[in-house]
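# Coordinate inspection notes
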Amino acid sequence: MHKIKTGVMIYQVRVQKKISRKELCAGLCSVKALANYENRERTPDGLLFHCFMQRMGMNPGDFSVIFSLEEYRYYMWKESVFEALQKQDWKTVECLYHDRMAEDRSCNVKIQNQFFLYLSSVLAERVEKDGRKALRLLKEAVKETVPERKGHGEYGIPGLGACRMSSFEIGLEALYYYKGGMHGILQDREVYYGLKTLLDYTDKIITDQQEQARLVPGMVCALLHTSRKLMTAGERLLLEEKAVRILKENYRLYHLPEILRFYSMDLRETGQKQADVYEKQYRAFVEAFEDAGFEAAFRPELLYDSRQQIYLLSEYMRSCREISGLTQEQISEGICAVETYSRLETGKRAPRRKEWEAIVDRLEIGWGFFKGNLETTDYQAFEYFHRFEEAARRDEWEKAQEFMDEVKRRLDMESISNRQYVGMMENWAAYVSHRIGEEEFFCRDKELLELSVKEERVGKTELYYFSHIEIVLHTHLANILRIQGRQEEGIRLLENMLNKLKKSRVGFEFWWEGLKLTIFNLANMLSDIGEYEASLKYMNDFIPVCFKLLDGKFVTNGICEKAVDLDKLGTINKATYKRLLIQASCLTDFYGLNDKHTIIEKYYIKHFCKNDNMSNESNPLAFPLI
């Protein structure tokens, strides 16, 4: 992990996107405070930094934040709230709301107040059954960070002028219009134009595809619920097709069952044959959600979602110190008392700025609470990197290489972090496009990993904070070992890494972008060597986390792996297994995972058909891939 100079990053993105300080910080902080952040006289907290990045159209997932234990408690509390909201467990939401100890004095007060007002609104509607009170609290929540102005301004949002909005502020505003429309408090036309304008604003300002996938489907659902009669079938289909396309391309699950329900309904109304396909997929997604313990119905409360990736400061310090082979006395000498340093490592106290600067200098881990996979302050490097990933997903390798060349032109390639990340992605692209073989791929990635991970150093501590790059490199190496028939070596490699990370109090979902492939490959390798129960245990834990994080591709992969393990175990409840296979078939079809779709169909034929010559009419899985 490498430091991000937050002030420099904010300044460069703001200037290159021609955003004024006043426009960016409106409702969040003073112009003077933003100037101090940009001049590096002060450092913004995690909530504020991510809000700035989102207001400028960037994906906060590009950055991880290192927190003190006090901040960490707030984020874990917030994570518990989101999980209860996903499951529509209003009693738990109410209990969590009354836990005011969750407030964190070190985080932006306005953003925290906004979240508490949002929760108050949820409880007013769901528990007190008071729609008007709920809408009033939502309006207060919006106004907490989004100043109310006259006129439509540059972006055409009613009453908001030229104010920039983050993804979660857009979602909160959309929730306000949705609730106002559903309770009949706001006029139909106001709701329709409000939601349409927010969609248009998202198209114009939010350039990151993952952020669009988080916002657009929910707003489309809100429009269809509140304003369906104000639109023609053709207008509805355009919105639904857009939402479906975004979710497919980004392998996400945001409000997907509800989108498919509306889409299949309008396809049928207009006499289109694809209605049958999407109805089957709708039913399969509903069942998959319910089997994982989540509600499949539209969950408007999740329009407002502001999760972040985190590391725990105290544990990070301890890991770095032990790897360096230094004692607490050696680190603290000339900085603070040994007892004080011990309290920092246990999380009983957060370090003051000067203490932290001196400690991280001695540990050689760099200053900064914000970590990125790329060590740069040039936001265009991140944008080109996302374009590279999108082109690679579509197998457009020439275009992908052009984007990677643009990334490299903007990076300091002397940086180990940059060399690892760029090299890792180039090696992967070369391998999957058959330009290099598995042995060369293995050797290249092993060299990259050894730039930062030395076994003799990692062995010095039970806890080790692997970066996202290091996690993925481990997974690549294990996957090649699997291809070479060396599954036991691959399993040991991944289990050693996971055992280090398990020592942390931070849950696995905070490293999910790296770990999801790791855990899935580990289950695959256990299945390869006949450890089907161990593989199945991983998948039974893995699938609900994927649903929780709305990761459609790995939900699908997990369900497919579960089907394979159950087949190998031979202890199959026929009805349950048939349901699982149909889910897997529909999900692989939706996301275009053709190879897995074919495998699942073979399992269905094996268990539920008398011969391989079954006709399409008798096979519920037989429908064209979309």
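Residues numbered from 1 in each chain as written. Predicted model: local features only at pLDDT ≥ 70, side-chain atom pairs only at ≥ 80, totals over all residues. Heavy atoms only, no water.

## Considering the environment of Lys408
Summarising the element assignment, Lys408 is placed in helix 20 (residues 397-409). Sequence separation of Lys408 and Asn418 is 10 residues, and the distance between their C-alpha atoms is 8.7 Å. (Helix = DSSP H or I, 4+ residues; strand = E, 2+ residues; numbered from the N terminus.)

## Concerning the nonpolar core
If you look at the biggest cluster of nonpolar residues, it comprises 204 residues, and the most contacted ones within it are Phe52, Leu85, Phe115, Tyr118, Leu253, Phe542 and Phe547. In this view, Leu85 contacts Trp90, Val93, Tyr118, Val122, Glu301 and Leu302; residues no more than four positions away in its chain are not counted. (Core = buried A, V, L, I, M, F, W, Y, C linked by side-chain atoms within 4.5 Å. Buried < 20%, exposed > 50% of the residue type's maximum accessible area, 1.4 Å probe, protein only. Contact = heavy atoms within 4.5 Å.)

## Let's talk about the side chain of Ser264
Structurally, the position occupied by Ser264 is in helix 13 (residues 256-269). If near-sequence neighbours (up to four positions away) are discounted, Ser264 is found in contact with Ala275, Tyr278 and Glu279.

## Some points on unusual backbone geometry
Of note in the backbone geometry, Gln88 takes a positive phi value of approximately 55 degrees without being a glycine. Residue placement: Gln88 occurs in the loop between helix 5 (69-86) and helix 6 (90-97). Unusually for a residue other than glycine, His434 sits at a positive phi of about 65 degrees. Summarising the element assignment, His434 is placed in the loop between helix 21 (416-432) and helix 22 (438-449). For His434, a relative accessible area of 71% corresponds to the exposed category.

## Some points on helix 26 (residues 512-528)
With 17 residues, helix 26 extends 24 Å between its outermost C-alpha atoms, agreeing within 8% with the 24 Å of an ideal straight helix rising 1.5 Å per residue. In terms of burial, helix 26 is largely enclosed, as 14 of its 17 residues are buried. Count one or two residues on from helix 26 and you reach Gly530, which has phi positive near 90 degrees. (Expected span 1.5 Å × (residues − 1).)

## Observations concerning the packing of helix 21 against helix 24 (residues 468-483)
Where helix 21 meets helix 24, the axes come as close as 10 Å, and the angle between the chain directions of the two elements is 30 degrees. Comparing their axes, helix 24 and helix 21 come out roughly parallel. When you trace helix 21 past helix 24, the crossing you get is left-handed. From helix 21, Ser417, Gln420, Tyr421, Met424, Trp428 and Tyr431 reach across to helix 24, where they touch His468, Ile469, Val472, Leu473, His476, Ile480 and Ile483. (Axes fitted to C-alpha atoms, helices over the stretch in contact; angles between N-to-C directions. Parallel < 35°, antiparallel > 145°, perpendicular 65-115°, else oblique. Left-handed = near helix turned anticlockwise from the far one by under 90°.)

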